Amino acid sequence: MKFIVIGITDHPQPFFPPEVLDVIRQGKVFSGGKRHYEIMAPFLPENAEWINITVPLDDVFDKYDLCFRYLSNHLNVSQSIVVFASGDPLFFGFANTIQRKMPEAELVVYPAFNSLQMLAHRLLMPYHDMRIVSLTGRPWPAFDKALIEKVRKIGILTDREHTPAAIAQRMLDYGYTDYQMSVGEHLGNPALEKVTTLTLEEATHHDFDYPNCVLLELTGDGPLRVPFGIPDAEFSLLDGREKMITKMPIRLLTLQALELPQRHVFWDIGFCTGSVSIEARLQFPHLDIEAFEIRPECEAIFHENARRFGAPGINIHMGDFLETDLSTLPRPDAVFIGGHGGKLKEIMAKILTVLADDGVIVFNSVTSPKVPTDSRQLWDEACAELSLRQESPLRIQLNDYNPIEILRCRR
């Protein structure tokens, strides 16, 4: 099995070097999207067979497999399938899909410039330091991570949902206003190509033709956005109660106990103001964060704080954790229990049904003379009943607040 993948732009009369023209003339089976066929039809030999690339891709690869089998069994020839793809087929392109779906196949690639390269060329902008983010059929996390990290140049592949206007609005919602946006439309097509540079506010009111791509450039030097520890006074609080937030020093020690630099999925159970989730998002933007809270009034507080501190991409789940369906959520390898409502044992038991094998659970126990059965006793009992291995606690007291023990356990 052999695929020859040829990259093309949107130019209606593409130029090919002699080597590529020979490949096309000698080909019998070709493949690509509808737009690729419209461009390439004049170049195809007579009686050429065309396999449309449409979703679901499994059906397309079934056709490829049948085609190879027919050529081998009936014609006794080893024939290539010539595939046309946009830009560089190895740049978030179809050649990557072939390698994943048919790793045993031989692959030859003839690339063209990809759309972000062409946009940088039009802007006369060096792009060796550009962070590439694909939002084509993908969710926001990689883009959010680039924003939090204050990447100076971000190149974005869009789709019909993640439009330039939607991207600009997300940036404005979370306070990332110090970027300039350039949008390239129909790059490579001399009749339709257009490049526009504008502010984020202007972009939210602008409709761009598809296909398009986006290049964001940070304006000015500016300070680093992410503080190491957000001051407690800057958070919006539940009913203005200072005791309903994990204090900043405790918060940072808790994140340390969770071992978040090497974790992938973090669950925050009982998020209240969202301080732990938001701090984790800003310090460790690679994480997938799922936050849970039973009190409905905390939802608005969370959103307010997340936007205030520029922490997009935290998934929140409102309602009783014990009644929440966890089957569709990614398995956590780090869990913080910020609130339990007297049901610590039940919560920990439910966590264990989904916790990764090397996962860790962290809980902050407050020692108070006013509470006859403190949370440390509940923790010890739960760990014993669930056969969890406890580690040495860290005891700390801040100012006049009650002492706190940062507790950690594993399977």
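Structure: above.
Along each chain, the written sequence defines residue order, and numbers are assigned to residues from 1. With pLDDT at 70 or above as the cut-off, local features in this predicted model cover only qualifying residues; side-chain atom pairs require 80 or more to be listed or tallied, and sums for whole chains, interfaces and linings still use all residues. The side-chain figures draw on all heavy atoms in the structure; neither hydrogens nor water molecules are used.

Help me understand empty space enclosed by the protein, please; the structure alone is not making it clear to me.
Unoccupied space between atoms shows up once a probe the size of one water molecule is rolled over them. A cavity here means a set of 1 Å grid points, computed over protein atoms only, where a 1.4 Å probe fits but cannot escape. A pocket is an open set with protein on both sides within 12 Å along at least 5 of 7 lines, and lining residues have an atom within 4 Å of a point. Grid points are joined across faces, edges and corners, and a volume is the space filled by probe spheres set on the points. Counted according to the given criterion, the structure contains one cavity of 30 Å³ or more. Of the voids in this model, the largest cavity is the one considered here, and its volume is about 40 Å³. In terms of lining residues, the largest cavity is bounded by Lys247, Ile250, Ile396, Gln397, Leu398, Tyr401, Asn402 and Ile404. A per-class count over the lining of the largest cavity returns five nonpolar, two polar and one charged. Amino acids outside the nonpolar list (Ala, Val, Leu, Ile, Met, Phe, Trp, Tyr, Cys, Pro) and the charged list (Asp, Glu, Lys, Arg) are all regarded as polar, and Gly is one of them.

Where do I start with the environment of alanine 300 in this structure?
As for its position among the elements, alanine 300 is in helix H11 (residues 298-308). Burial classification: accessible surface area is computed with a 1.4 Å probe over protein chains only, and a residue below 20% of its type maximum counts as buried, one above 50% as exposed, and the rest as partly exposed. Relative accessible area serves as the criterion here: at 56%, alanine 300 is assigned to the exposed category. The spatial distance from the C-alpha of alanine 300 to the C-alpha of threonine 273 is 9.2 Å, given a sequence separation of 27 residues. The numbering of helices and of strands both runs from the N terminus, where a helix is a DSSP run of H or I of at least 4 residues and a strand a run of E of at least 2.

Quick question: what am I supposed to make of the pattern of salt bridges here?
When a carboxyl oxygen of Asp or Glu is within 4 Å of a side-chain nitrogen of Lys or Arg, the pair counts as a salt bridge. Across all of its chains, the model carries 27 salt bridges by this definition. In this structure, arginine 281 and aspartate 144 form a salt bridge, with 3.8 Å as the shortest nitrogen-oxygen distance. Residue arginine 281 is located in helix H10 (residues 275-283), and its partner aspartate 144 is located in helix H6 (residues 141-148); the two are separated by 137 residues in the primary sequence. The pair arginine 281 / aspartate 144 is uniform in exposure class, with both members buried.

Explanation requested: the sheet that holds strand E9 (residues 194-199) in the structure shown.
Within a beta sheet, neighbouring strands are joined by backbone hydrogen bonds and run either parallel or antiparallel to one another. One open sheet accounts for five strands, arranged E6-E7-E10-E8-E9; its pairing is mixed. This sheet does not close on itself; its edge strands, each paired only once, are strand E6 (131-134) and E9. The sheet shows a mean angle of 20° between the axes of neighbouring strands, taken without regard to direction. Strand pairing is defined by DSSP finding a minimum of two bridges between the two strands. Strand direction decides the pairing type here: strand E7 (residues 153-157) and strand E10 (residues 212-218), joined by five bridges, are antiparallel. Looking at E10, one finds that isoleucine 154 is bridged to leucine 216. Contacts are assigned to residue pairs with any non-hydrogen atoms lying within 4.5 Å of each other. Every angle, taken between N-to-C directions, lies between 0 and 180 degrees, and every axis is a line fitted to C-alpha atoms, over only the stretch in contact when it is a helix. Across the sheet, H6 is in contact with E6, E7, strand E8 (179-185) and E10; its angle to E6 comes to roughly 150°.

What exactly am I supposed to notice about the pairing of strand E14 (residues 334-337) here?
Within a regular beta strand, the side chains point alternately toward one face of the sheet and then the other, so they alternate between its two faces. The alternating pattern of E14 places Ala334 and Phe336 on one face and Val335 and Ile337 on the opposite face, and all of these are buried. With four bridges connecting them, strand E11 (residues 265-269) and E14 associate as parallel partners. Its bridge partner being in E14, aspartate 268 is matched across the sheet by phenylalanine 336. Following the backbone out of E14, through helix H12 (residues 344-352) and into the adjacent parallel strand E15 (residues 360-366), one traces a crossover that is right-handed. By definition, the crossover connecting two strands over a helix is right-handed if that path, from the first strand to the second, turns clockwise as seen with the strands pointing away from the viewer.

Explain H6 here, please?
Residues of H6 that are buried include every one of Phe143, Asp144, Ala146, Leu147 and Ile148, and no others. Following H6 by one or two positions, lysine 150 adopts a phi angle in the positive range, close to 55°.

Sorry, what's going on with the sheet that holds strand E5 (residues 106-110) here?
One open sheet holds the five strands; their spatial order is E3-E2-E4-E1-E5, and the pairing between them is parallel. Each edge of the open sheet is held by one strand with a lone partner, namely strand E3 (49-52) and E5. Adjacent strand axes in the sheet meet at a mean angle of 25°, parallel and antiparallel pairs treated alike. Of the pairings in the sheet, the one linking strand E2 (residues 29-32) to E3 comprises four bridges and is parallel in character. Within E3, the position partnered with phenylalanine 30 by the bridge is tryptophan 50. Helix H1 (residues 18-26) rests against strand E1 (2-8), E2, strand E4 (80-86) and E5 of the sheet, and its axis sits at about 125° to E1. The sheet contacts of helix H4 (residues 94-101) involve E1, E4 and E5, and relative to E5 the element is tilted by about 175°.

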